[in-house]
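# Observations on chain architecture
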Amino acid sequence: MIEPLDYQIRVFRDDLYPFLGGGNKGRKIKFIEQAVIDNNCNALVTTGGIQSNHCRAVAVLAAQNRWICTLVLHGSEEEFRQSTGNALIIRLSGANIIFSAPESIAFAMDKALDDFKQSGSEPYYIWGGGHTMEGGLAYIEAVRELKEYAEDASWYPDYIFHASGTGSTQAGILAGLDKYQVDAKVIGISVARTRSRAEEVVQQFYEELSDRYKIDRRENDVIVLDDYLCGGYERYDEGLLKLSKDSIKNFGFTLDTTYSGKAFYGMKDYIQKNNIRGNVLFWHTGGIFNFLSQQP
Ligand SMILES: Cc1ncc(COP(=O)(O)O)c(C=O)c1O
């Protein structure tokens, strides 16, 4: 699960999480699955972009359980029909696909829920990105795995770097560090949001998670860097593109330009500029399908 990269940086291989396409959305969806079962539901509704890891995870979960599923997608329908990566998996999953303009997503989701109810199904609504209590819990419990590894290997991380989007992975890790009493500084690398917005959302969700799961909050610092956005979501510069293209050759795993590559790029720069010492954990949150659908 966690493999040494060199004497200083080790990698938590959530890109290999055992679910089609793996990654943090795979890990989250397995916890969300339990909530769907507990609520006696048999239909899923969610939303995301055409290369959304979350939508792919929801579509695959539905297929695994023989649940029906509607995905409200935003982006170019034409591109979706032609793209590989998550778009291909979603197309082949059997999910109903609805395209919506960003401003009509809520309406389209409500309609999908109503349609399922009308036809006698029990739908379950999943927030985009798997930004739910259960999604956060998946990461609280992932820290237990990290702690087990740390104890076995006598290797405790001083820093944890990872890609941060909706913020539930980061908030879950922060609450998990409290629950399992692991001391490490978590540095999220924003893939889309500005620093102030991202930190506000992570802080709020960290508080909500620790309240909900009755964890004594130790008020870990919430740090999300926006220095590596390269202009925004799915954008990259030459340096990031090179890191991504060389990732298999250099590390033996993929680093896509949207998520994990951006985080790795930011981590490398941050370590250098801040003269970081000690044990660094790179939490690889996946993105192999994003890598596979990138421009060659
Ligand atoms: C591969 C990958 N890594 C990281 C993230 C960010 O995770 P979170 O939304 O929990 O912040 C995402 C979100 O889309 C993702 O798909």
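All values derive from a computational prediction rather than experimental measurement. (Residues numbered from 1 in each chain as written. Predicted model: local features only at pLDDT ≥ 70, side-chain atom pairs only at ≥ 80, totals over all residues. Heavy atoms only, no water.)

### A closer look at the pairing of strand S2 (residues 9–13)
To be explicit about the condition: Think of it in three bands: with a 1.4 Å probe and only protein chains considered, a residue is buried below 20% of the maximum accessible area for its type, exposed above 50%, and partly exposed in between. Secondary structure counts use DSSP, requiring at least four H or I residues in a row for a helix and at least two E residues in a row for a strand, with both numbered from the N terminus. Two strands make a pair as long as DSSP finds a minimum of two bridges between them.
Counting buried positions along S2 yields five of five residues, so the element is predominantly enclosed. The sheet contact formed by S2 and strand S10 (residues 280–284) spans five bridges and is parallel. If you follow Arg 13 over to S10, its bridge partner there is His 284.

### Observations concerning the packing of aromatic side chains
Quick reminder of the rule: Only Phe, Tyr and Trp rings take part, Trp by its six-membered ring, and two of them pair if their centres are within 6.5 Å. Stacked means planes under 30 degrees apart, edge-to-face means over 60, and tilted covers everything else.
If you walk through the whole model with that rule in mind, you get ten aromatic pairs. Seen in terms of ring centroids, Tyr 233 and Tyr 259 are 6.1 Å apart; in terms of plane orientation they differ by 65°. Their pairing is edge-to-face. On the criterion of sequence distance, the pair formed by Tyr 233 in the loop between strand S9 (223–225) and helix H9 (238–245) and Tyr 259 in the loop between helix H10 (247–251) and helix H11 (260–273) is long-range, its members being 26 residues apart. In this structure Tyr 233 comes out as partly exposed when scored by relative accessible area, which is 39%. A relative accessible area of 18% places Tyr 259 in the buried class. Ring geometry for Phe 264 against Phe 282: centres 5.0 Å apart, planes inclined by 85°, an arrangement best described as edge-to-face. In this pair, Phe 264 sits in helix H11 while Phe 282 sits in strand S10, placing the two residues 18 residues apart along the sequence. Chaining the aromatic ring pairs together yields one cluster made of Phe 251, Phe 253, Phe 264 and Phe 282.

### As for the sheet that holds strand S4 (residues 68–74)
Stated formally: Axis definition: a line fitted to C-alpha atoms, limited for helices to the stretch in contact. Angles are taken between N-to-C directions and run from 0 to 180 degrees. Any pair of residues with heavy atoms lying within 4.5 Å of one another is described as a contacting pair.
If you walk across this open sheet you meet the four strands as S5-S4-S3-S6, and the pairing is parallel. The sheet is open, and its two borders are formed by strand S5 (96–99) and strand S6 (123–125), each paired with just one other strand. Each neighbouring strand pair of the sheet contributes to a mean axis angle of 25°, computed without reference to strand direction. Where S4 lies against S5, four bridges are found, and the strand directions are parallel. Residue pairing across strands places Leu 71 opposite Ile 97, the latter belonging to S5. Helix H2 (residues 53–65) contacts strand S3 (43–49) and S4 of the sheet and is inclined by roughly 160° relative to S3. Sheet strands in contact with helix H5 (residues 105–118) are S3, S4, S5 and S6, and its direction is about 165° off that of S3.

### Structural notes on the side chain of Ser 164
Note the cut-off: Polar contacts, as counted here, are pairs of nitrogen or oxygen atoms within 3.5 Å of one another; within protein the pair requires one atom able to donate a hydrogen and one able to accept it, and residues that are adjacent in sequence qualify only if both atoms are side-chain atoms.
Within the secondary structure, Ser 164 is located in strand S7 (residues 159–164). A distance of 2.9 Å separates the side chain of Ser 164 from the side chain of Gln 170, its partner in a polar contact. If sequence neighbours within four positions are ignored, Ser 164 has contacts with Gln 170, Gly 188, Ile 189, Ser 190, Val 191, Val 202 and Val 224.

### Description of the site of the ligand
The line we're drawing: Near residues are defined by distance, with any heavy atom within 4 Å of the molecule or strand qualifying the residue. For the area figures, the Shrake-Rupley method with a 1.4 Å probe applies, and any residue is considered shielded solely by the protein chains shown.
Inspection of the region around the ligand gives 15 residues, with Asn 53, Gly 165, Thr 166, Thr 169 and Thr 285 positioned closest. The contact in question runs from an oxygen atom of the ligand to an N or O atom on the side chain of Asn 53, over 2.7 Å. Tyr 259 has a polar side-chain atom sitting 3.4 Å from an oxygen atom of the ligand. In the complex, the protein chains occlude 95% of the 390 Å² of accessible area that the ligand would expose alone. For the shell around the ligand, the element with the most residues is helix H1 (residues 23–38), which contributes three residues.

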